[in-house]
Amino acid sequence: MKSRHHVRTAGARAVRKGLVGTMLLGLLLPLLLLVGGSSASAATLCLPKPDETGCISGTVGSRSDPVAGVDVILRDAQGADVETVTTEEDGKFSFTVTEAGDYFVVLDDETLPDGLEQQPPRAAIAGPDGSVKVTAKLGSAVSPIVEVRDQDYDAGGESFSDQIAQSVVNGLRLGLLLALASLGLSLIYGTTGLSNFSHAELVTLGGMVAYGLVNLAGMNLWLGIVATTILCAGVGYVQDRLLWQPLRRRGLGLTQLMIVTIGLALAAQYAYQYFVGASLQKVVVRDFGTTSFGPVTLTNLSFLAMGVAIVAIALVGFVLVKTRIGQATRAVSDNPALAAASGIDVDKIIRLVWTAAAGLAGLAGVLYALVISNGIRWDTGMQILLLLFAAVTLGGLGTAFGAFVGSIIIGLVVELAGPLGAPGDLKYAVALAILIVLLLVRPQGILGRAERVG
Amino acid sequence: MDTILEILSAVIREAISPGTAAVAIAVIGLNLHFGYTGLLNFGQSGFMLLGAYGFAISLVHDIPLPLAVLIGLGLAFVFALVLGIPTLQLRGDYLAIVTISAAEIIRFVGRLSTLKDLTGGAQGIQGRTYQPAFVDLSFFGDGAWTLAPFNYTDVAGGAGWVRALGGLVFVVCVVATVIVGRRLKRAADPTRTAPRTGLDGTLGKVLAAVLVLVGLYALFFAMPVTYGRSGVNGWWVRAVAWTLVALSTLVVYLLVRSPWGRLLRGVREDEDAMRSLGRNVFAVKMQSLVIGGLFGALGGMVYVLASTVQPDALGRQITFFSYTALLLGGAATILGPVLGTVLFFSARILIRESARAWVPDSIMSTQQTEQFSFVVVGVALVLLVIFRPQGILGNKRELRFNV
Amino acid sequence: MSETTIGTPSLADPAARRALMAGVTPEPGAAKQDPILKVDKIERRFGGITAVDVEHLEVQRGIITALIGPNGAGKTTFFNLITGFDKPSSAGSGAHWEFDGRALNKTSASSVAKAGMVRTFQLTKSLNRMTVLDNMMLGAQDQSGENLLKSVFKPLWSGQEKAVEEKAKELLARFKLLEKKDDYAGSLSGGQRKLLEMARALMSDPKMIMLDEPMAGVNPALTQSLLGHIQSLRDEGMTVLFVEHDMHVVRHISDWVVVMAEGRVVAEGPADTVMSNQAVIDAYLGAHHDTDLGDDQVLTDRALEQIEAEVRADEAAHKAAAHDGDHAKHDQQGDKS
Ligand SMILES: Nc1ncnc2c1ncn2[C@@H]1O[C@H](COP(=O)(O)OP(=O)(O)O)[C@@H](O)[C@H]1O
Ligand SMILES: [Mg+2]
């Protein structure tokens with residue numbers, strides 16, 4: 001009894017030590033690499049002062065139909081983000097500048113309500129990336145004309161079959177990137193039983209680290225991708241070393257562990273906002289061009305991202321099926337107690353899984369930021385978390401191959417939902433509805449196995 | 001000194017705000033799900049949002065208030081059925097994934113621009129379009145009112161020492177309540193062979209209640225707060241909100257002490273065992289999901305009474321905050337949800353305001369203090385689960401037999 | 001609930017039981033005089049392997065039937081199937097089983113229990129974070145306080161609650177767990193949990209109780225008292241079907257033995273003859289060469305007698321306790337009708 005107690009307290013101390021370390025290292029350290037960027041603040045009224053400040057203010061939408069909650073980004077003449085504000089109920093935004101000169105104002109697409117997009121400005125005032133050029137003077141206020149219009153403004157130019165072909169390719173692209181992230185989620189679930197709600201933050205971390213390395217520090221993109229993957233894998237290793245392993249030893253229940261991941265996700269999301277700000281950050285500013293095959297047009301980066309994803313997934317599949325480590329991993333997924341009894345170092349396998357899962361998630365994050373979300377923001381990962389869970393559940397919780405199949409299906413469903421008639425954001429709803437229907441028909445997922453009772 | 005008083009005042013205002021009461025009600029429902037039945041409902045915000053939409057949209061269309069409340073509750077009822085039927089027969093994780101997804105779907109749908117006429121799209125529904133029906137019910141009259149009406153300013157011309165004395169009494173009451181509470185808990189524990197303390201049940205409970213009341217009075221004596229009597233954000237909405245919190249707590253108390261409550265706990269412990277004892281586990285879980293969801297919807301309605309219906313304000317963050325509050329107060333306890341919620345929101349404001357007051361802007365901008373407070377909340381949730389999983393009021397012994 | 005429907009009370013007499021089973025041919029699927037459970041064509045496959053494939057099986061009312069077989073023979077799966085915890089692969093193609101004249105093919109696990117067939121689990125399922133008394137009280141059926149609407153009004157259920165509590169305490173006393181009633185079930189030892197699970201199952205006054213390895217992990221002294229309990233249940237008129245690996249135990253308390261191997265029923269018969277059946281020896285030798293079949297070489301006659309004497313003494317003690325319990329049961333019935 002007594003000795004047990006000692007073990008417990010010793011364990012607790014180790015956990016305590018580990019925790020402090022994890023909080024700092026596992027999550028925040030990679031962020032410290034980044035230099036603080038801009039941060040969004042609510043629009044405040046601007047009053048120009050002669051020779052001190054000038055104002056750039058206006059309204060998104062019209063007076064009668066203003067658009068609230070849109071992030072308006074102000075860039076300087078070099079194209080660097082200066083400030084981001086969010087419009088209030090009345091659609092108004094305003095910036096205070098202390099230097100006269102040319103500025104560019106652009107709306108953050110992500111924050112626009114569904115079905116709306118920024119109307120490209122007249123050529124005379126057009127800046128890069130669809131922004132509006134304004135010239136600010138100290139002591140006076142200027143109002144750039146920022147208009148929005150319906151997204152399907154000029155849709156219909158494409159034939160239906162062309163749209164479908166494009167969507168299928170987009171779906172495969174999304175599916176491959178989702179697969180990259182969900183493989184790790186599934187492996188963690190398989191080996192430890194944990195539903196990791198902070199997995200999406202590892203995805204975001206990948207994009208953030210790449211933003212720091214490539215955009216801010218000017219590293220070569222390819223090197224940056226490799227370095228990000230390695231760094232993220234390191235974060236996974238450290239997380240397991242300092243947090244998950246001690247907690248496993250401590251015998252924390254799975255539900256508690258799941259809530260720990262929620263706390264971690266929450267802390268990470270706000271830490272990203274704290275350090276990087278609330279606006280979208282580009283990983284690369286350079287344009288790589290596009291290539292068309294018949295009706296399908298994709299950016300060149302997309303092809304490369306898909307290639308990288310396929311190689312990485314194939315590698316994971318090979319390791320799982322052909323190597324001893326892979327066999328051991330599958331054995332642990334099957335029955336940890338039995339695996340331990342047959343001489344497999346379960347802790348080592350789980351650490352490896354955490355490392356690989358975080359690395360894959362980080363890689364997925366970079367590629368996602370490069371080709372899908374067109375940049376990285378604190379909630380980029382969070383937005384696909386549900387798709388990841390849906391993919392993993394669809395394929396059967398805990399089977400890696402199932403996660404791959406599920407991801408591809410979810411990717412296709414999400415991209416095809418639009419052309420097939422689902423409005424805007426509801427494409428996610430369609431994916432989740434499919435999940436619910438599948439659970440009714442085949443509770444163990446497409447490739448899962450039924451559980452044993454008694 | 002003034003800074004400290006200002007911060008404390010902000011904390012107290014947050015603690016008694018209608019928003020805090022609203023989340024407390026939702027957490028009471030979540031306690032029924034997670035604490036008592038073991039259901040991993042990660043979509044409590046969806047219930048809140050549905051309640052809020054049903055309530056506000058009905059009022060906008062001039063439907064009478066009682067009917068509007070029923071419509072909000074009805075939506076949550078249907079939502080619970082739709083969620084429960086496919087998932088309650090499956091393993092717990094599925095419910096978690098499906099509920100969080102469904103809550104997000106509700107939010108997405110609410111934001112749809114095609115539904116702008118109904119839900120107001122991403123901007124939501126302005127408070128002034130639906131609040132009058134509720135505000136007009138107020139019988140509190142006009143003008144402002146201060147809690148407590150007799151406070152430190154009435155004694156010795158509002159001298160600092162009177163105020164400090166009030167604060168001291170409050171602190172003493174908190175400490176005394178904790179001591180009495182612990183003794184009560186020990187005395188109520190039949191397995192403890194250690195000598196019983198002198199406090200017997202009823203006497204101790206009365207004493208604890210008196211201490212709480214005196215403590216609350218001392219708090220508002222030292223830190224009086226003033227609001228309009230009626231109006232959109234006055235005492236009227238606060239009184240209604242906290243009365244609903246009290247009623248919800250009472251209902252849950254009555255439910256969980258009954259054999260029905262025992263069913264919930266049985267299901268939480270082992271579903272197969274309950275089946276082997278002839279219990280319809282699915283029905284029990286469904287009842288729990290529905291009842292807890294109704295509390296969620298009620299919380300959502302209270303939430304929008306003093307603000308607007310904003311789909312993004314009732315997103316998954318609120319669910320996560322609810323879990324933090326529940327674990328802080330103590331899952332599967334009667335008063336834990338309320339205590340946890342009040343402490344959670346107070347602590348966040350305390351952190352934020354302190355950072356604003358004492359950390360220079362060059363290190364932490366105003367925006368960043370907000371984010372900092374949330375980072376602390378996240379880390380606190382992690383530490384809480386690891387080091388005090390039973391929360392403030394929970395029973396540590398119970399957790400030793402975790403499965 | 002018992003005496004009138006279930007057999008004759010004289011089944012407490014070993015001779016009567018022997019006489020009852022004497023007319024049954026000891027072969028797989030043999031018909032019984034008064035079967036309480038009849039199973040037909042029940043098959044369960046997991047991927048490639050067939051875990052259960054039972055053509056026909058009957059269980060006689062009012063006696064103790066042992067279900068034995070090597071590990072993986074499909075005993076637990078068979079339990080799961082007939083108690084509604086699993087569905088046969090042969091559902092729809094002839095799988096049929098009935099309990100006490102009532103078909104159970106499409107019945108959920110909870111309804112099976114309500115019909116009077118209550119089981120325990122090989123891996124004990126105690127409700128850990130609830131007290132022993134709460135565990136017990138969940139065993140009682142038809143509690144009006146479990147209705148959501150009535151639960152809020154205590155006067156509507158407090159009377160019944162008291163009666164259930166009394167009954168629970170009586171059963172706990174019988175299983176020597178009364179002083180633990182306010183402890184969390186999770187704090188009990190493995191053996192005590194087995195006892196608790198049995199006691200809890202009995203709270204519903206089942207017609208038939210199915211025990212999956214009730215003796216596994218229980219220390220020998222406790223095994224003795226468990227055996228006593230099982231026998232006294234039978235003597236009160238309950239039907240018992242239990243899975244056990246220890247052949248000595250099987251020999252001592254079972255009136256009939258069913259042997260399963262690789263999912264099939266390979267033999268049936270009284271305990272002393274079935275062990276020498278060639279099919280049984282093959283089944284066990286096929287699986288485990290060193291299985292101890294309760295051979296007399298291991299268990300000398302002297303030791304046997306000794307255990308038998310102990311069991312008898314225990315039985316007598318428990319019968320006295322059971323007698324009191326019976327009265328309580330009758331009173332309860334009176335209340336209900
Ligand atoms: N859920 C399941 N999935 C796969 N195989 C199972 C499952 N349940 C039981 N089995 C297999 O069925 C066979 C019979 O198991 P079981 O009924 O537990 O045997 P017993 O209780 O007789 O030892 C075993 O080979 C076991 O591995
Ligand atoms: Mg078995």
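In this text, all values refer to a predicted model and were calculated from it rather than measured experimentally. (Residues numbered from 1 in each chain as written. Chains lettered and ligands numbered in written order. Predicted model: local features only at pLDDT ≥ 70, side-chain atom pairs only at ≥ 80, totals over all residues. Heavy atoms only, no water.)

Caption draft 1: Looking closely at the interface of chain A and chain B. Counting residues at the interface gives 57 residues for chain A, matched by 51 residues for chain B. Both faces combined, the contact of chain A with chain B buries some 5,000 Å², and carbon together with sulfur accounts for 70% of it. Counting across the chain A and chain B interface gives 0 salt bridges. Connecting chain A to chain B are 6 residue pairs in polar contact (both at pLDDT 80 or more). Counting only elements with at least two residues in the side of chain A that touches chain B, the list comes to helix 1 (2–32), strand 1 (40–42), helix 4 (221–250), helix 5 (254–276), helix 10 (380–395) and helix 12 (426–441) of chain A. No other element matches helix 5 of chain A, which puts 15 residues into the side of chain A that touches chain B. Its residues assigned to classes, the side of chain A that touches chain B comprises 40 nonpolar, 10 polar and 7 charged. (Contact = heavy atoms within 4.5 Å. Buried area = accessible area lost by both parts, 1.4 Å probe. Salt bridge = Lys/Arg side-chain N within 4 Å of Asp/Glu carboxyl O. Polar contact = N/O pair within 3.5 Å; in protein donor to acceptor, adjacent residues only side chain to side chain. Helix = DSSP H or I, 4+ residues; strand = E, 2+ residues; numbered from the N terminus. Nonpolar A, V, L, I, M, F, W, Y, C, P; charged D, E, K, R; others polar.)

Caption draft 2: Structural context of the domain arrangement of chain A. All names here are of chain A. Split into domains, chain A comes out as domain 1 (2–32 + 160–441) and domain 2 (41–150). Each partner contributes to the interface: domain 1 provides 8 residues, whereas domain 2 provides 7 residues. Both sides together, the interface formed by domain 1 and domain 2 hides about 580 Å², and carbon and sulfur atoms give 36% of it. Our count for the contact surface shared by domain 1 and domain 2 stands at 1 salt bridge. One salt bridge connects Arg-377 with Asp-108, and the closest N-O pair in it is separated by 3.0 Å. In this structure, the connection of domain 1 to domain 2 is made through 1 residue pair in polar contact (both at pLDDT 80 or more). Among the residues forming the side of domain 1 that touches domain 2, the class breakdown is 2 nonpolar, 4 polar and 2 charged. (Domains from an automatic or database assignment.)

Caption draft 3: Main features of the sheet that holds strand 2 (residues 49–60) of chain C. Residue and element names in this part refer to chain C. On the basis of which strands lie adjacent, the open sheet formed by 4 strands has the order 2-1-4-5 and antiparallel pairing. Two strands in the sheet have a free side with no partner beyond their single neighbour: strand 2 and strand 5 (102–103). Two strands pair when backbone bridges link them, and strand 1 (residues 35–46) and strand 4 (residues 96–99) are joined in this way by 4 bridges, in the antiparallel orientation. Of the residues in strand 4, the one forming a bridge with Leu-37 is Phe-99. With respect to the sheet, helix 2 (residues 75–82) is in contact with strand 1, strand 2 and strand 4, its orientation differing from that of strand 1 by roughly 115°. (Pairing = 2+ DSSP bridges. Axes fitted to C-alpha atoms, helices over the stretch in contact; angles between N-to-C directions.)

Caption draft 4: Local environment of the coordination of the magnesium ion (ligand 2). Residues and elements named next belong to chain C. Protein coordination of the magnesium ion (ligand 2) is provided by Thr-76 (OG1) and Gln-122 (OE1), with donor distances spanning 2.0 to 2.2 Å. Of this pair, Thr-76 sits in helix 2 while Gln-122 sits in the loop between strand 6 (117–119) and helix 4 (132–137), placing them 46 residues apart in sequence. For Gln-122, a relative accessible area of 26% corresponds to the partly exposed category. (Donors = N, O, S within 2.8 Å, 3.2 Å for Na, K, Ca; no water. Buried < 20%, exposed > 50% of the residue type's maximum accessible area, 1.4 Å probe, protein only.)

Caption draft 5: Layout of the pairing of strand 4 (residues 81–86) of chain A. Residues and elements named next belong to chain A. Inspection of the sheet shows strand 3 (residues 71–75) paired to strand 4 by 5 bridges, in the antiparallel sense. Bridging from a neighbouring strand, Leu-74 pairs with Glu-83 of strand 4. In textbook terms, the turn of a hairpin is the stretch between consecutive antiparallel strands, and for strand 3 and strand 4 this stretch comprises 5 residues, one of which, Gly-79, has a positive phi near 90°.

Caption draft 6: Layout of the environment of Lys125(C). Mapping Lys125(C) onto the fold places it in the loop between strand 6 and helix 4. Spatially, the C-alpha atoms of Lys125(C) and Pro88(C) are 23 Å apart, while their sequence positions differ by 37 residues. In contact with Lys125(C), not counting residues within four places along its chain, are Asp270(B), Asp272(B), Ala273(B), Glu197(C) and Arg200(C).

Caption draft 7: Structural context of a nonpolar patch on the surface. All names here are of chain A. On the surface, a cluster of nonpolar side chains totalling about 450 Å² of accessible area is made up of Leu-315, Phe-318, Val-319, Ile-325 and Leu-352. For the nonpolar patch, the leading source of residues is helix 6 (residues 300–322), giving 3 residues. Along the chain, Leu-315 falls in helix 6. (Patch = residues over 30% accessible without salt bridge, like charges linked within 9 Å, V, L, I, M, F, W, Y side chains within 5 Å. Areas by Shrake-Rupley, 256 points an atom, 1.4 Å probe, with all protein chains shown as cover.)

Caption draft 8: Fine view of the pattern of salt bridges. Residues and elements named next belong to chain A. In total, this model carries 39 salt bridges over all chains according to the counting rule given. In this structure, Asp-379 and Arg-377 form a salt bridge, with 3.1 Å as the shortest nitrogen-oxygen distance. Summarising the burial analysis for this pair, Asp-379 and Arg-377 share the class buried. Here the salt bridges do not stand alone but share partners, grouping Asp-240, Arg-248, Arg-249, Asp-347 and Arg-351 into one network.

Caption draft 9: Region of interest: the sheet that holds strand 7 (residues 208–212) of chain C. Residues and elements named next belong to chain C. Across the sheet, 6 strands lie side by side as 6-7-8-3-9-10; this open sheet has mixed pairing. The outermost strands of the open sheet, each flanked by one partner alone, are strand 6 and strand 10 (264–269). Averaged over all adjacent pairs, the angle separating strand axes in this sheet is 20°, with direction ignored. As paired strands, strand 6 and strand 7 are joined by 3 bridges and run parallel to one another. Directly across from Met-117, in strand 7, lies its bridge partner Met-208.

Caption draft 10: Here's a closer look at the side chain of Thr77(C). By the secondary structure assignment, Thr77(C) is in helix 2. The class of Thr77(C) is buried, set by a relative accessible area of 9%.

Caption draft 11: Representation of the packing of helix 3 (residues 199–216) of chain A against helix 4 of chain A within the structure. All names here are of chain A. Running from N to C, helix 3 and helix 4 cross one another at 135°; their axes reach a closest spacing of 9 Å. With respect to helix 4, the axis of helix 3 lies oblique. As for the relative orientation of helix 3 and helix 4, their crossing is right-handed in sense. For the pair helix 3 and helix 4, contact is made by Leu-202, Leu-205, Gly-206, Val-209, Ala-210, Leu-213 and Val-214 and by Leu-221, Gly-224, Ala-227, Thr-228, Leu-231, Cys-232, Val-235 and Gln-239, respectively. Looking at the contact of helix 3 with helix 4 residue by residue, the class counts come to 11 nonpolar, 4 polar and no charged. (Parallel < 35°, antiparallel > 145°, perpendicular 65-115°, else oblique. Left-handed = near helix turned anticlockwise from the far one by under 90°.)

Caption draft 12: Expanded view of the side chain of Arg351(A). For Arg351(A), the position within the fold is in helix 9 (residues 346–371). In this structure Arg351(A) touches Tyr237(A), Asp240(A), Arg241(A) and Gln245(A), once residues within four positions along its chain are discounted.

Caption draft 13: Region of the structure containing the nonpolar core. Leu180(A), Trp244(A), Val260(A), Leu370(A), Ile410(A) and Phe42(B) are the most contacted members of the largest nonpolar core, which totals 171 residues. Apart from residues lying up to four places away in sequence, Leu370(A) is in contact with Leu221(A), Ile225(A), Val283(A), Val284(A) and Leu301(A). (Core = buried A, V, L, I, M, F, W, Y, C linked by side-chain atoms within 4.5 Å.)

Caption draft 14: Broad picture of the pairing of strand 7 of chain C. Residue and element names in this part refer to chain C. Burial analysis of strand 7 places 5 of its 5 residues in the buried class, which makes it a mostly covered element. Side chains of strand 7 alternate between two faces, with Met-208, Met-210 and Asp-212 and Ile-209 and Leu-211 buried alike. In the sheet, strand 7 pairs with strand 8 (residues 239–243) via 5 bridges, with the strands oriented parallel. Bridged to Asp-212 within strand 8 is Val-243. Once you follow strand 7 into helix 8 (residues 220–235) and on to strand 8, the crossover reads as right-handed. (Right-handed = clockwise from strand over helix to strand, strands pointing away.)

Caption draft 15: Structural detail: a positive patch on the surface. On the surface, a cluster of positive charge is contributed by Arg182(B), Arg183(B), Lys185(B), Arg186(B) and Arg388(B). Mapped onto the elements, Lys185(B) comes out in helix 8 (residues 160–188). (Lys, Arg positive; Asp, Glu negative; His and termini not counted. Charge placed at Lys NZ, Arg CZ, Asp CG, Glu CD.)

Caption draft 16: Just the packing of aromatic side chains, in detail. Residue and element names in this part refer to chain A. With the rule as written, the count across this model stands at 25 aromatic pairs over all chains. With 5.0 Å between their ring centres and 45° between their planes, Phe-197 and Phe-389 make a pair best called tilted. Taken together, the positions of Phe-197 in the loop between helix 2 (160–192) and helix 3 and Phe-389 in helix 10 put the pair 192 residues apart, joining distant regions of the chain. Accessibility classification places Phe-197 together with Phe-389 in one group, the buried group. (Phe/Tyr/Trp six-rings, centres within 6.5 Å; stacked < 30°, edge-to-face > 60°.)

Caption draft 17: Representation of unusual backbone geometry. A cis amide bond, omega 0°, links Leu147(B) with the succeeding residue Ala148(B). Structurally, the position occupied by Ala148(B) is in the loop between strand 1 (144–147) and helix 8. A positive phi is found at Asp62(B), a non-glycine position, where the angle reads about 60°. In this structure, Asp62(B) sits in the loop between helix 3 (44–60) and helix 4 (65–87). On the accessibility criterion, Asp62(B) (67% relative accessible area) is exposed. In this model, Lys176(C) sits at a positive phi of 55°, which is unusual for a non-glycine residue.

Caption draft 18: Broad picture of helix 14 (residues 316–329) of chain B. Residues and elements named next belong to chain B. Here helix 14 spans 20 Å end to end across 14 residues, near enough to the 20 Å set by a 1.5 Å rise per residue. Along helix 14, 13 of the 14 residues are buried, which leaves the element largely enclosed by surrounding structure. Immediately downstream of helix 14, the backbone of Gly-330 shows phi near 125°, a positive value. (Expected span 1.5 Å × (residues − 1).)

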